[in-house]
Amino acid sequence: MKKNLLWAFALLLAAAVLGACSSSSDKGKQTDEPAKEEAPAGDATDANKDEKTGGEVNIYTARHYDVDAILYEDFTEKTGIKVNVIEAKAPELIERLKREGKNTPADLFVTVDGGILHSAKEEDLLQAVESEVIEENVPAELRDPDNQWIGLSTRARVIVYSKDRVKPEELSTYEDLATDKWKDKLLVRSSDSLYNQSLLASLIAIDGEDKAKEWAQGIVNNLAREPEGGDRDQARAIVAGVGDVAIMNSYYVGRMSVSDEAEDVKVFDQIGVFFPNQETTGTHINISGAGLVKHSKNKENAVKLIEYLTSVEAQEEVSKENFEFPVNEEAKLPEVMAEWGTFTPQKVEFADYGKYNPKAVELMNEVGWK
Ligand code: FE
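Quick summary incoming for the structure in this document.

Conventions and cut-offs
Going along each chain's sequence as written, the residues are numbered from 1 onward. The model is predicted, so local features are restricted to residues of pLDDT at least 70 and side-chain atom pairs to those at 80 or more, both for listing and for counting; the totals for chains, interfaces and linings are taken over all residues. Note: side-chain values were computed over all heavy atoms of the structure, leaving out hydrogens and water. Both cavities and pockets are sets of points on a 1 Å grid over the protein atoms alone; in a cavity a 1.4 Å probe fits but cannot get out, in a pocket the set is open with protein on both sides within 12 Å along at least five of seven lines, and lining residues sit with an atom within 4 Å of a point. Grid points are joined across faces, edges and corners, and a volume is the space filled by probe spheres set on the points. Lys, Arg, Asp and Glu make up the charged group, whereas Ala, Val, Leu, Ile, Met, Phe, Trp, Tyr, Cys and Pro make up the nonpolar group; the residues left over, Gly among them, are polar. Per the convention used, a helix needs a DSSP run of H or I reaching at least four residues, while a strand needs a run of E reaching at least two, with both numbered from the N terminus. Here, expected helix span is obtained from the residue count minus one, scaled by 1.5 Å. Think of it in three bands: residues with accessible area under 20% of the maximum for their type are buried, residues over 50% are exposed, and the middle band is partly exposed, with areas taken using a 1.4 Å probe on protein chains only. For the purposes of these results, a polar contact is taken to be a pair of N or O atoms within 3.5 Å, where, inside protein, one atom must be able to donate a hydrogen and its partner to accept one; residues adjacent in sequence count only when each atom of the pair is a side-chain atom. Distances define the donors: N, O and S atoms within 2.8 Å of the metal qualify, as do those within 3.2 Å of Na, K or Ca. Water is excluded, so some sites may look unfinished. The geometry test gives tetrahedral to four donors whose angles all lie between 85 and 135 degrees, gives square planar to four donors and octahedral to six donors whose opposite members are over 155 degrees apart with all other angles between 65 and 115, and gives irregular to the rest. A pairing counts as a salt bridge when a side-chain nitrogen of Lys or Arg comes within 4 Å of a carboxyl oxygen of Asp or Glu. The contact criterion used throughout is that any non-hydrogen atoms of two residues lie within 4.5 Å.

1. Concerning the layout of surface pockets
- By volume, the largest pocket amounts to about 780 Å³.
- Forming the walls of the largest pocket are 32 residues, and the residues nearest its centre are Glu141, Leu142, Thr154, Ile285 and Pro345.
- In the lining of the largest pocket, the residues fall into 19 nonpolar, 6 polar and 7 charged.

In structure tokens:
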């Protein structure tokens, strides 16, 4: 009961804090859409109900995708375990976990980006997940070596091109996009995006700082316009004739294929997806994952939730609804993704995305990537 009261209090506090912070933005760590800074899924008056059910699990999440809520609901239906969600940007959640320490109500920290997951581990905010089910569901390379965080899905940062004006044979690597061949034809969002920061961080890890800086300079030189909008806006700009090729996350392409906006479905029809660096260093991927919070009070439920989220059923749902790649190799891909075919990902430690993030941001500033 005391725990419930604490949680209820935490929710009220969360609502107040999130309300107060709603205009603040963390320029260094932005995703495509602003985090929905809304109250947690369950309100405080629901908190007493879980004695009748399978208890609860409390999630701090920086993911902003509708499919997550669907999966949490399915989990509750199956297990009776109530899922409480607080959504904010990852750096805010990490600060909050640090501040709350032992008193945190959080059981799981969920976010996009391997660098952030690794930094939560480095900050000593997580603990090892012990579950044979999870080890079976998720290949070792998509989990933290100590199982302090577990991958839930991946996405590739691909080249998207105009089917009218570009032949896939003309495309090859990220490095090629930085050559004169693509002068005034390239589209990419701003350097505020963590998606771009992690891409550049991966290139620093592979090629070293000097080459990575040269690449970033080449990208800036080739831009068809100053960076604006999110990933999908780059695809829209291709179809509007602003540029011919764009760098964007694979799942946004899939989402456009089933968009409620007829215009976006038209855009989808006119663009192709290309996985770069297949003959060289592989296509850049990033990962979403769940870390088990060090001071979790509902550890068993939290592990059960990760087991569910990595099951074939949940993994197929993530791909079907959000077009992310499953971490569970048994999960089948929706047709749109199956048509893209298989690809070789970069062999870079996800931890390096965090390690080289400050350098990536510095280089972007130096070359004038807005
Ligand atoms: Fe996104």
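And the narrative resumes.
2. Notes on helix H7 (residues 194-207)
- Taking 1.5 Å as the rise per residue, H7 with 14 residues should run 20 Å; its terminal C-alpha atoms sit 19 Å apart, in good agreement.
- Most of H7 is tucked away, with 11 of its 14 residues classed as buried.
- Taken together, the buried positions of H7 are occupied by Leu194, Tyr195, Asn196, Gln197, Ser198, Leu199, Leu200, Ala201, Ser202, Leu203 and Ile204.
- By the N-cap criterion, in which a side-chain oxygen at the helix start approaches the backbone nitrogen of a residue two or three places on, H7 is capped by Ser193, the distance to Tyr195 being 3.0 Å.
- Taken from the residues just after H7, Gly208 is the one with a positive phi, measuring 90°.

3. Overview of the coordination of the iron ion
- Looking at the iron ion, the protein donor atoms are Tyr65 (OH), Tyr195 (OH), Tyr251 (OH) and Tyr252 (OH), and they sit 1.9 to 2.3 Å from it.
- Taken together, the 4 donor atoms surrounding the iron ion define angles of 74 to 138° at the centre, an arrangement classified as irregular.
- In the primary sequence, the donor residues of the iron ion line up as Y-x129-Y-x55-Y-Y. Here Tyr65, found in the loop between strand S1 (56-61) and helix H2 (66-79), pairs with Tyr251, found in helix H10 (residues 250-257); they are 186 residues apart in sequence, far enough to count as distant.

4. A few points about the pattern of salt bridges
- Under the counting rule described, the total for this entry stands at 23 salt bridges.
- Between Asp176 and Lys181 there is a salt bridge, and its shortest N-O distance comes to 3.3 Å.
- Measuring nitrogen to oxygen at the nearest pair gives 3.4 Å for the salt bridge that ties Lys266 to Glu263. Note that Lys266 and Glu263 are positioned in helix H11 (residues 262-270) at a spacing of 3 residues, about one turn of the helix.
- Residue Lys266 is classed as partly exposed on the basis of its relative accessible area of 47%.

5. Quick look at the side chain of Thr61
- Counting through the fold element by element, Thr61 comes out in strand S1.
- A distance of 3.0 Å separates the side chain of Thr61 from the backbone nitrogen of Arg63, its partner in a polar contact.
- Contacts of Thr61, omitting those with residues within four sequence positions, involve Val85, Ile86, Glu87, Ala88, Leu93 and Val110.

6. Section: the environment of Glu321
- Summarising the element assignment, Glu321 is placed in helix H13 (residues 312-322).
- Glu321 sits in the partly exposed class, given a relative accessible area of 35%.
- As a C-alpha pair, Glu321 and Gly254 span 67 residues in sequence and 9.1 Å in three-dimensional space.
- A distance of 3.5 Å separates a polar atom in the side chain of Glu321 from a polar atom in the side chain of Lys320.

This is a description of form; function is not addressed.
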